[in-house]
Amino acid sequence: MIEKHIILEDIDTVVFYGVGNAHLQMIRSLYPKLRIVARDNVIRVLGDEEQMTAFEENIEKIRRHILRFNSLREEDILDIIRGGRAKEVPDDVVVYSMSGRPIKARSENQQRLIEAFQQNDMVFAVGPAGSGKTYLSIALAVKALKEKTAKKIILSRPAVEAGEKLGFLPGDMKDKIDPYLQPLYDALEDMLPQVKLQDMMEKHVIQIAPLAFMRGRTLSDAVVILDEAQNTTPAQIRMFLTRMGWNTKMIITGDMTQIDLPRPQKSGLVEALHILNGVEGIGFVTLDRSDIVRHKLVTRIVNAYEAHDKET
């Protein structure tokens, strides 16, 4: 008789144990000769050494399954423990959301973004609101982190006021800046367990910061995303692009129709696209209205404003 402790890392234990510990009860029933006690993310197992080895191997397969799919069904447990086989992720899926929904390209241009990321170290993705450029970029970063091809994710945005004034918002500087970064938090929360996301942020594995905080840094072993780049100045985007270190990939996203810089300030993204066009190792992807994946009204709103702009 031996005793072992197995620590469940990187996954949501609620998904592993199941509603009302249903998954845990099933695992116990499949290993009647083992005494299995679970508390938080630690499983204590007592029993025969031969069964213990098989148990450890299958628990690791279940952990990897949850890490890939963010979900677990009773059929999955039976397949893994009885058949010893693991479900494969389809080639077109980037990652799975916390609800188990596959996150993948939903248009040709979104697929081009995925391919550009695979083939280049730096990618510019330009398109209208709702075309999926930011969400898909973060999914690619999360995939790289899960597959350990990157050690960290760094997400940044320029804190440019779109009609509001930072000075009138309540709280300290972090409280004032956080609303600008909320869309990035939202995407991450849809792809990573809340507890794990919080832990990664505390350990700086995932970093979310306004663009001004990038100055002086060298960003290595990371996927770095600059969102809303149309609101950078030429000096800011030049500073950001030259932060790139070894084993790093950068994605720069922007929407040319939503430039909030005060006139006559020139957008750094517009200048960068012109200057860097044709540079080897940089990919350029343009998304359009056909790529909008939000509510169908978003497409109509974009069309209406574009028609109005042409008239004026």
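Look up: the structure comes first, before these words.
Residues numbered from 1 in each chain as written. Predicted model: local features only at pLDDT ≥ 70, side-chain atom pairs only at ≥ 80, totals over all residues. Heavy atoms only, no water.

A. Examining the pattern of salt bridges more closely. Enumeration over the complete set of coordinates arrives at 14 salt bridges. Asp190 is the partner of Arg101 in a salt bridge, and the nearest nitrogen-oxygen pair spans 3.1 Å. Placement of the pair is Arg101 in the loop between strand 4 (93-96) and strand 5 (102-104) and Asp190 in the loop between helix 7 (173-189) and helix 8 (194-202), with a sequence separation of 89 residues. With relative accessibility at 37%, the residue Arg101 sits in the partly exposed group. Using a relative accessible area of 25% as the deciding quantity, one classes Asp190 as partly exposed. One connected set of salt bridges, linked through shared partners, spans Glu60, Arg63 and Arg64. (Salt bridge = Lys/Arg side-chain N within 4 Å of Asp/Glu carboxyl O. Helix = DSSP H or I, 4+ residues; strand = E, 2+ residues; numbered from the N terminus. Buried < 20%, exposed > 50% of the residue type's maximum accessible area, 1.4 Å probe, protein only.)

B. Local environment of helix 6 (residues 133-146). In this model helix 6 runs 20 Å from its N-terminal to its C-terminal C-alpha over 14 residues, within 8% of the 20 Å that 1.5 Å per residue would give. Across the 14 residues that make up helix 6, a large majority, 11, are buried. The complete set of buried residues in helix 6 reads Lys133, Thr134, Leu136, Ser137, Ile138, Ala139, Leu140, Ala141, Val142, Ala144 and Leu145. Of the residues flanking the end of helix 6, it is Lys148, one or two places downstream, whose phi is positive at about 65°. (Expected span 1.5 Å × (residues − 1).)

C. Focus on a nonpolar patch on the surface. Residues Met256, Ile259 and Val270 make up a contiguous nonpolar surface patch of about 200 Å² in total accessible area. By the secondary structure assignment, Met256 is in the loop between strand 10 (249-254) and helix 10 (268-276). (Patch = residues over 30% accessible without salt bridge, like charges linked within 9 Å, V, L, I, M, F, W, Y side chains within 5 Å. Areas by Shrake-Rupley, 256 points an atom, 1.4 Å probe, with all protein chains shown as cover.)

D. Highlighting the sheet that holds strand 1 (residues 2-7). Taken together, three strands build an open sheet; the order of strands is 1-3-2 and the sheet is antiparallel. Strands at the two margins of the open sheet, each flanked by one partner only, are strand 1 and strand 2 (35-39). Along the sheet, successive strands turn relative to each other by an average axial angle of 15°, direction set aside. The pairing of strand 2 with strand 3 (residues 42-47) spans five bridges and is classified as antiparallel. Across the sheet, the residue bridging to Arg35 is Leu46, located in strand 3. Helix 3 (residues 49-69) contacts strand 1, strand 2 and strand 3 of the sheet and is inclined by roughly 5° relative to strand 1. (Pairing = 2+ DSSP bridges. Axes fitted to C-alpha atoms, helices over the stretch in contact; angles between N-to-C directions. Contact = heavy atoms within 4.5 Å.)

E. The pairing of strand 9 (residues 222-226), seen in detail. The buried count for strand 9 comes to five of five residues, which makes it a mostly enclosed element. The alternating pattern of strand 9 places Ala222, Val224 and Leu226 and Val223 and Ile225 on opposite faces, both of which are buried. With five bridges connecting them, strand 7 (residues 152-157) and strand 9 associate as parallel partners. Within the sheet, the bridge partner assigned to Leu155 lies in strand 9 and is Ile225.

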